[in-house]
Amino acid sequence: MNPKRRQMISQGLQSMGSLGVLYLLLTESELVQANSGAKLLGVRIWPSEDYTRITLESDKALPISHQLLTGPDRLVVDIDGLELNPTLKDLVAKVKPNDPYVAQIRVGQFQPTVVRLVFDLKEAVKPQLFTLEPIAEYQYRLIFDLYPTNPPDPLMQLVKESARKEKLLAEEQAKNPKGAATEEDPIAAFAKKDTPSKKSGPSTAQQSPPSASTANTQRIPFKRLITVALDPGHGGEDPGAIGARGSYEKNIVLSIAKRLKNKIDQEDSMRPFLTRDGDYFVPLHRRVFKARQVEADLFISIHADAFIQPHAKGASVFALSQQGATSSAARWMANKENASDLIGGINIKTKDKQVAHLLLDMSTTAQINDSLQVGHSVLRNIGNFAPLHKNRVEQAGFAVLKAPDIPSILIETAFISNPQEEKKLNDETYQERIAEAILAGIKDYFAKNPPMARRG
């Protein structure tokens, strides 16, 4: 302690008595607390093709400065008010070899109260560094989002993945130069297969194949693959709802979405696109934007319901509403799902203003009507094997359903907050059946509502 400070304390003790002692002890305690560094609570890394996110969670906000270096590419971050500790050193071991953007992380005590992080990068990035205030189960979070300078084009990736199907369609067109719809036309084929015949009676099964003129009445005037965007909710920093057995909604819905993707892959007339294919966070507006990037014909967001009461059960399907929610439960659900951005963590300063305007103002009546149609079709097929929470498609202001030109629905596959349904959601057989029911609903919808021609 400073000698002058020690002398002042001695004089204070003599002149102020016991109250002075108490005051000085409190003052010293406050000084120690003010000078102590932040406590690091956890470090996490979420790699993906979209971007890599690094999260440092602490009990206080952490001031930082950073700089980008080249030759080789590096990101250098200095964190003030922090001392090197085992938790921070764990960050080094969390880097995975398949991380698209981070080769390794080096940490060191740059100054007595400053820790330096050096991110050795695999390619040039555009970093976004920001702090999130405490929310839900999280304390202060320091976020490093490392975006590639040349982001992958999801449409080009989708085209490459579906090249085989495009080739098959071209071959079928070559066999049918006049455009007559036959069983060789994949889109018309499933339309005929899934549309019930108006005739009835025992002779129906033995009817002769339809003539060319009859088939032409069902023919779609052009052929292309139907693109279905599948959106597994939550991910990364946002676990979604958590069941009593510890199940995370984000993991269950990703598993269901992948099963549905595999089933759509087997359909000659359709191709699937996942808004996320791993455990990482995608903001709500980005999910919509990605679906529009691939020119999706349908957007399906997959979730696992939760409610404050554990006995709530059954699957639900939701569409967008421009005029308020159809029930208080639907409103509650929309508010909960729309909070995903706050929990997952978005950088408000860089949020695309045009996208934000799009999500607020540009949903259309036609889109909502189409969404209700596909929603009814999916709900009916789910109801063929599973209990329903409501027998109708509900509506509310879900941000993730606000693509103005894509029919969009949100499916709550069951209540993860119900212990019996949580067990069911973890069952592979149930996941397969729910995926099959969703696919059946999609096919029923497109059999009655063929996709429109692409513009341009």
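Residues numbered from 1 in each chain as written. Predicted model: local features only at pLDDT ≥ 70, side-chain atom pairs only at ≥ 80, totals over all residues. Heavy atoms only, no water.

Colleague: For this particular structure, what's the right way to read empty space enclosed by the protein?
Modeller: In this structure the tally under the stated criterion is 1 cavity of 30 Å³ or more. For the largest cavity, the calculated volume is near 80 Å³. Taken together, 14 residues line the largest cavity, and the ones lying closest to its centre are Leu284, Ser301, His303, Glu337 and Val400. When residues of the lining of the largest cavity are traced back to their parent elements, those giving at least two are helix 8 (284-293), strand 11 (298-305) and helix 9 (328-338). Of the residues that constitute the lining of the largest cavity, the class distribution is 5 nonpolar, 6 polar and 3 charged. (1 Å grid on protein atoms, 1.4 Å probe; cavity = no way out; pocket = protein on both sides within 12 Å on 5 of 7 lines; lining within 4 Å. Points joined across faces, edges and corners; volume = space filled by probe spheres on them. Helix = DSSP H or I, 4+ residues; strand = E, 2+ residues; numbered from the N terminus. Nonpolar A, V, L, I, M, F, W, Y, C, P; charged D, E, K, R; others polar.)

Colleague: Where do I start with the packing of helix 7 (residues 249-265) against helix 14 (residues 428-448) in this structure?
Modeller: A pair of packed helices can be characterised by two numbers: the angle between their axes and the separation between those axes. Two numbers describe how helix 7 lies on helix 14: the axes approach to 9 Å, and their chain directions differ by 50°. In terms of their interaxial angle, helix 7 and helix 14 are classed as oblique. For the crossing formed where helix 7 meets helix 14, the hand is right-handed. Across from Ile252, Ser255, Ile256, Arg259, Leu260, Lys263 and Ile264 in helix 7, the residues of helix 14 making contact are Glu428, Gln431, Glu432, Ile434, Ala435, Glu436, Ile438, Leu439 and Ile442. Residue composition of the contact of helix 7 with helix 14, by class: 9 nonpolar, 2 polar and 5 charged. (Axes fitted to C-alpha atoms, helices over the stretch in contact; angles between N-to-C directions. Parallel < 35°, antiparallel > 145°, perpendicular 65-115°, else oblique. Left-handed = near helix turned anticlockwise from the far one by under 90°. Contact = heavy atoms within 4.5 Å.)

Colleague: Teacher, can you tell me more about the packing of aromatic side chains here?
Modeller: Two measures describe an aromatic ring pair: the distance that separates the ring centres and the angle between the ring planes. Within the structure shown, the criterion is met by 6 aromatic pairs. Aromatic pair Tyr51 and Tyr147: ring centres 4.8 Å apart, planes at 15°, arrangement stacked. Pair noted here: Tyr51 is in the loop between strand 1 (40-46) and strand 2 (52-58) and Tyr147 is in strand 8 (residues 140-148), with a separation of 96 residues, a long-range link. Overall, the relative accessible area of 4% leaves Tyr51 in the buried class. Residue classification places Tyr147 among the partly exposed residues on the basis of a relative accessible area of 27%. With a centroid separation of 5.8 Å and 50° between ring planes, the pair formed by Phe385 and Tyr430 is classed as tilted. Taken together, the residues span a long stretch of sequence, with Phe385 in the loop between helix 12 (365-383) and strand 13 (394-396) and Tyr430 in helix 14 at a distance of 45 residues. A relative accessible area of 23% places Phe385 in the partly exposed class. Here Tyr430 falls in the buried class, since its relative accessible area comes to 6%. Here the guanidinium or amino end of Arg116 rests over the ring plane of Phe110, the centre of that ring lying 3.7 Å away. Over the face of the ring belonging to Tyr138 we find Arg141, whose NZ or CZ atom lies 4.0 Å from the ring centre. (Phe/Tyr/Trp six-rings, centres within 6.5 Å; stacked < 30°, edge-to-face > 60°. Buried < 20%, exposed > 50% of the residue type's maximum accessible area, 1.4 Å probe, protein only. Lys NZ or Arg CZ within 6 Å of the ring centre and 35° of its normal.)

Colleague: For this particular structure, what's the right way to read the side chain of Glu412?
Modeller: Position of Glu412 among the secondary structure elements: in strand 14 (residues 408-415). Lys336 provides the closest opposite charge to the buried, salt-bridge-free Glu412, at an N-O distance of 5.0 Å. Glu412 has contacts with Glu249, His303, Ala304, Asp305, Ala315, Ser316, Phe318, Met333 and Glu337, leaving out every residue within four places of it along the chain. (Lys, Arg positive; Asp, Glu negative; His and termini not counted. Salt bridge = Lys/Arg side-chain N within 4 Å of Asp/Glu carboxyl O.)

Colleague: Looking at this structure, I do not really get unusual backbone geometry. What am I missing?
Modeller: For residues that are not glycine, phi is negative in most cases, and the peptide bond is trans in most cases. Each neighbour pair has its own omega, and for Gly71 with Pro72 the value is 0°, a cis peptide bond. Despite not being glycine, His234 shows a phi value in the positive range, around 65°. Within the secondary structure, His234 is located in the loop between strand 9 (226-232) and helix 7. Residues other than glycine seldom take positive phi values, yet Glu295 does so here, at roughly 55°. You can see Glu295 is positioned in the loop between helix 8 and strand 11.

Colleague: Got a minute to help me understand the pairing of strand 12 (residues 316-320) in this structure?
Modeller: Each regular strand shows side chains that alternate between the opposite faces of the sheet. The buried fraction of strand 12 is high, at 5 of 5 residues. Sheet analysis places strand 12 next to strand 14, joined by 3 bridges and oriented antiparallel. Directly across from Val317, in strand 14, lies its bridge partner Ile411. Where strand 12 meets strand 13, 3 bridges bridge the pair, whose relative direction is parallel. Note that in strand 13 the partner of Ala319 across the bridge is Gln395. (Pairing = 2+ DSSP bridges.)

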